[in-house]
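Each chain, letter by letter, is given below.
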Amino acid sequence: MHTSVEGPGLGQPEDPTLLASGRVKRGWVWNQFFVVEEYTGTEPLYVGKMREQKTFYTLRAQARDRQTDQLLEPESEFIIKVQDINDSEPRFLEGPYIGSVAELSPIGTSVMQVMASDADDPTYGSSARVVYSVLEGEQHFTVDSKTGVIRTAVADLDRETQDRYEVVIRATDMAGQLGGLSGSTTVTIVVTDVNDNPPRFPQKMYQFSIVETAPVGTAIGRVKAEDSDIGENTDMTYQVKDEEGVEMFKVTTDSNTQEAVITVQKPLDYESKKVHTVVLEALNKFVDPRFLDLGTFRDQTIVRVSVLDVDEPPEFRPPSNLMEVQEDAHIGSVVGVVTALDPDTANRPVRYAIDRSTDAERIFDIDANTGAIVTGKVLDRETAGWHNITVLAMEADNHSQVSRASLRIRILDVNDNPPELATPYEAAVCEDAKPGQLIQTISVVDRDEPQSGHRFYFTLAPEATNNHHFSLLDIKDNTAAVHTQRVGFNRQEQDVYLLPILVVDSGPPALSSTGTLTIRICGCDSSGAIQSCNSTAYVVSATLSPGALIALLVCILILVVLILLILTLKRHHKSHLTSEDDEDMRDNVIKYNDEGGGEQDTEAYDMSALRSLYDFSEIKGGDGGGIAGEGGLSGNPASELHSLPQWVQSPDLDFSVFRDYICRKVEQADEDLSVPPYDSFQTYAFEGSDSPVPSLSSINTWSSSSEQDFSYLGGWGPRFRQLAALYGARRGEEDADAS
């Protein structure tokens, strides 16, 4: 017999059919499970096991001849149903579980829901009916036996005492009856925070100290109130409660640390108050109204701030920075007095000074002891109407302790400037002008600024009293109008009129000035439009008569003639001097830095000019003839030339001729003021340096008994030819005398 299993489940065999031979179909028996008859035991009897994988099986069977393998009957089908037993325990497939609940939640507050699943058949018996219970943590939480919803069992959960709980939940099948299977899971329940704790200062008093010179905004110290809550429930704000503290100090909250930062809000003064007591309050920023009945959510503490004394610079009192002085004040006049005091308890004496970088011109001075500011120079409001200076106050024995105060000094005006015409006025009037015609409106300017305002008065100057051509009208608004006063003008007789106008201010004292209005007479057309005016302005007073004009011209002509005569005489005198002194030589200052080549080495001075004027032989002849031998001058020119160095060195020769000549030339040059001085002085005392030849100085070489041979000078070239002839001839004469 061959069987096969098909289908997802087990079923009953098909309806029996008759075999071909007509015999009845054989019934099948399908079981392999056995049980003892009349079993009366109390324990469950194990019969067999088929797990919860399929609910039924479908079997197919057919009979075949074992020898021939022939099918003996048609295939039969039957279904085997698997009957469920309670062999699967409940399981929590989504664990582990984590839930949360706010502290102080009321009893019965839902925390979360857990669910267990059972693989047994829920439609057969109670194998899959699960109930829930709390295995651990039943003091604080409960669970709904049917739904698995966990709820609070108490109302006093306190996060600050315990912030989490571990609860064990058990699920049992068979509806919790005896013999049911069970499974369990652990649920972590976190207790969340609520703002149920107020802030509290750890100390009831805090001590801080700060120097009195600390600037506004300086942090004095930090304090912090503690709060058992967490998160935003610990956010705080701080405030100063007493009036004195509010005025002197400011408190802010550090958002990161929730600390109170106390800073200076007003300058401190040790001499005024040494200790400040501040009441500081802390309160929660976010308050839960559900817990207001627990008490006030704020706390207070006392902060004592001690002010430390330091050596401070003097202080100016009062702090007024404006002074006034009139511009006509004399030098040394007191402008005002500044006062400064040492704020320290020692009250040291104070000295004063002016910062000269703000008063470089030293217009003001200050008394170092009294602080009196006085004028140091003459003031002028029109030049500088305001002065800004800085005054220094320092301790007398410690100049490093110095204070500065800016002082503004206003220069008050006095009437010290006369009024003046606003511009150099010029006007034009037609020849055929009618009387009363407006020519020009005059206005003035005044550099002064009187407190009561300007008021000017206009009138014609006294020198214009004989004027009959024009009139001046004071309009009373600090302007005046000039009108014609006659019928017509004649350009041929006079084309320009100068009208002097006197302007007087209101003082005090009243000052005046005279300005001139230039009026030109012009040709006009029939409509009054100006066609042409004389472009040449003759500065002639309208009151000058023709006789006075002629006298003025005659004076000018005489003056011109005198100037020409003086120039002619001076030129004639200069020409006479030039013809008389044709032999004038202009000396030059020549500096020789080397020994040079003798007299031919320069053209600046020609010695022949002197020789042509004076005859040396005549000078000798006055002596009774020539002096023969050493130191004398011979009678012929050649001997004079050769003996010139000896003649220059001779102390017996008369130099008065040259001295008289030079003195005469000096006097002539001094008298002639039209030429620059040409006198000069020549110095030949320095022979120069780096000369390749020995010295030729006459100081060392001139001697009647010199044995030096100067014949080598002939080989020095043309430039030394004259020198070689001079010394060579001298050597020859000495040899001849010796022989």
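For the chain, the name recorded in an unreviewed UniProt entry is Cadherin-22, with Amazona aestiva as its organism. Its UniProt record gives the chain a comment under Subcellular location (unreviewed entry), which states: "Cell membrane".

Draft legend 1. Main features of the environment of Val391. Topologically, Val391 is positioned in strand β25 (residues 386-395). With relative accessibility at 1%, the residue Val391 sits in the buried group. Placed 14 residues apart in sequence, Val391 and Ala405 show a C-alpha to C-alpha distance of 5.3 Å. Those residues in contact with Val391, other than ones at most four positions away along the chain, are Phe316, Val338, Ala353, Ile366, Ile373, Ser403, Arg404, Ala405 and Leu407.

Draft legend 2. Layout of the nonpolar core. If you look at the biggest cluster of nonpolar residues, it comprises 24 residues, and the most contacted ones within it are Ile220, Tyr238, Phe249, Leu280 and Val303. Sorting the residues of this core by element identifies β11 (205-211), β12 (219-223), β13 (236-240), β14 (249-253), β15 (260-264), β16 (275-284) and β17 (298-308) as the ones contributing at least two each. Excluding residues within four positions of it along the chain, Val303 makes contact with Tyr206, Phe208, Ile262, His276, Thr277, Val278 and Leu280.

Draft legend 3. A look at the sheet that holds strand β23 (residues 364-366). With respect to topology, three strands assemble into an open sheet ordered β20-β24-β23, the strand pairing being antiparallel. Taken across any chain shown, the strands that pair with only one partner, and hence form the sheet edges, are β20 (334-337) and β23. On average, adjacent strands in this sheet sit at an angle of 25° to one another, irrespective of strand direction.

Draft legend 4. Just the pattern of salt bridges, in detail. Scanning the model with the defined rule gives 25 salt bridges in all. Between Asp359 and Arg356 there is a salt bridge, with the nearest N and O atoms lying 2.9 Å from each other. Looking at Arg356, the relative accessible area reads 24%, which means it is partly exposed. Of the charged contacts in the structure, one is a salt bridge between Arg381 and Glu382, with a shortest N-O distance of 3.0 Å. Residue Arg381 is classed as buried on the basis of its relative accessible area, which comes to 12%. For Glu382, a relative accessible area of 17% gives the class buried.

Draft legend 5. Quick look at the packing of aromatic side chains. Throughout the structure, instances matching the rule amount to six aromatic pairs. Plain terms: the ring middles of Phe470 and Phe489 are 5.5 Å apart, the flat faces sit at 10° to each other, and that makes the pair stacked. Taken together, the positions of Phe470 in strand β31 (residues 470-474) and Phe489 in the loop between β32 (479-484) and β33 (496-504) put the pair 19 residues apart, joining distant regions of the chain. Just as Phe470 is buried, Phe489 falls in that class too. One aromatic cluster is present, formed by Phe470, Phe489 and Tyr497 through successive ring pairs. A cation sits over an aromatic face here: Lys274 above Tyr270, 4.8 Å from the ring centre. Cation over ring: Arg408 sits above Trp386, and NZ or CZ is 4.4 Å from the ring centre.

Draft legend 6. Structural view of empty space enclosed by the protein. In total, this model carries two cavities of 30 Å³ or more according to the counting rule given. Put simply, the second largest cavity is a space of about 50 Å³. What lines the second largest cavity is Asn415, Asp446, Pro450, His454, Arg455, Phe456, Asp505, Ser506 and Gly507.

Draft legend 7. Quick look at the sheet that holds strand β22 (residues 350-354). What the four strands build is an open sheet, ordered β19-β26-β25-β22; its pairing is mixed. Either end of the sheet is taken by a strand with one partner, and the two such strands are β19 (322-326) and β22. Direction aside, neighbouring strands of the sheet carry axes that sit 35° apart on average. Across five bridges, the pairing between β19 and strand β26 (residues 398-412) is parallel. Across the sheet, Met323 pairs through a bridge with Ile409, a residue of β26.

Draft legend 8. Local environment of the pairing of β31. Taking every second residue as pointing to the same face, the buried face of β31 carries Phe470, Leu472 and Asp474, while none of Ser471 and Leu473 on the other face is buried. Taken together, the five bridges between β31 and β32 define a ladder with antiparallel strand orientation. By the bridge assignment, Asp474 is partnered in β32 with Ala480. A loop of four residues connects β31 with β32, the two strands running antiparallel in sequence, and Lys476 in this loop sits at a positive phi of about 75°.

Draft legend 9. Region of interest: the UniProt feature "transmembrane region" (unreviewed entry) in the chain. The UniProt feature table records "transmembrane region" (unreviewed entry) at residues 548-569. In this annotation, residues 548-569 is assigned 100% helix and 0% strand; the end-to-end C-alpha distance for the span is 32 Å.

Draft legend 10. Layout of the side chain of Asp120. With respect to the helices and strands, the residue Asp120 is situated in the loop between β5 (110-113) and β6 (131-136). Side-chain polar atoms of Asp120 contact the backbone nitrogen of Ser88, separated by 3.3 Å.

Draft legend 11. Quick look at unusual backbone geometry. For the peptide bond that leads from Gly507 to Pro508, omega is -10°, which places it in the cis range. By secondary structure assignment, the location of Pro508 is in the loop between β33 and β34 (512-524). That bond from Pro508 to Pro509 is cis: its omega, -15°, falls within 30 degrees of zero. Tracing the sequence through the fold places Pro509 in the loop between β33 and β34. Positioned with a positive phi, Leu104 is a non-glycine residue whose angle comes to about 65°. Mapped onto the fold, Leu104 is located in the loop between β4 (97-102) and β5. Look at Leu104 and you get partly exposed, because its relative accessible area is 30%. Look at Met174: it is not a glycine, yet its phi comes out positive at around 55°.

Draft legend 12. Layout of helix α7 (residues 656-671). Here α7 is 16 residues long and its end C-alpha atoms lie 22 Å apart, about the 22 Å a rise of 1.5 Å per residue gives. Listing the buried residues of α7 in full gives Ser656, Tyr661, Lys665 and Gln668.

Draft legend 13. Quick look at the state of the cysteines. Inspection of every chain in the model, using the stated rule, returns two disulfides. Paired by a disulfide, Cys430 and Cys524 hold their sulfur atoms 1.9 Å apart. Disulfide Cys430-Cys524: torsion about the S-S bond near -90°, hence left-handed. One end of the pair, Cys430, is in strand β28 (residues 426-430); the other, Cys524, is in strand β34, and 94 residues separate them in sequence. Among the residues examined, Cys524 registers a relative accessible area of 21% and is labelled partly exposed. Bridging Cys522 to Cys533, the disulfide has an S-S length of 1.6 Å. Measuring the twist about the S-S bond at about 110°, one finds the Cys522-Cys533 disulfide to be right-handed.

About the criteria used
Residues numbered from 1 in each chain as written. Predicted model: local features only at pLDDT ≥ 70, side-chain atom pairs only at ≥ 80, totals over all residues. Heavy atoms only, no water. UniProt positions renumbered as here; feature names shortened; annotations may be inferred. Helix = DSSP H or I, 4+ residues; strand = E, 2+ residues; numbered from the N terminus. Buried < 20%, exposed > 50% of the residue type's maximum accessible area, 1.4 Å probe, protein only. Contact = heavy atoms within 4.5 Å. Core = buried A, V, L, I, M, F, W, Y, C linked by side-chain atoms within 4.5 Å. Pairing = 2+ DSSP bridges. Axes fitted to C-alpha atoms, helices over the stretch in contact; angles between N-to-C directions. Salt bridge = Lys/Arg side-chain N within 4 Å of Asp/Glu carboxyl O. Phe/Tyr/Trp six-rings, centres within 6.5 Å; stacked < 30°, edge-to-face > 60°. Lys NZ or Arg CZ within 6 Å of the ring centre and 35° of its normal. 1 Å grid on protein atoms, 1.4 Å probe; cavity = no way out; pocket = protein on both sides within 12 Å on 5 of 7 lines; lining within 4 Å. Points joined across faces, edges and corners; volume = space filled by probe spheres on them. Polar contact = N/O pair within 3.5 Å; in protein donor to acceptor, adjacent residues only side chain to side chain. Expected span 1.5 Å × (residues − 1). Disulfide = S-S within 2.5 Å.

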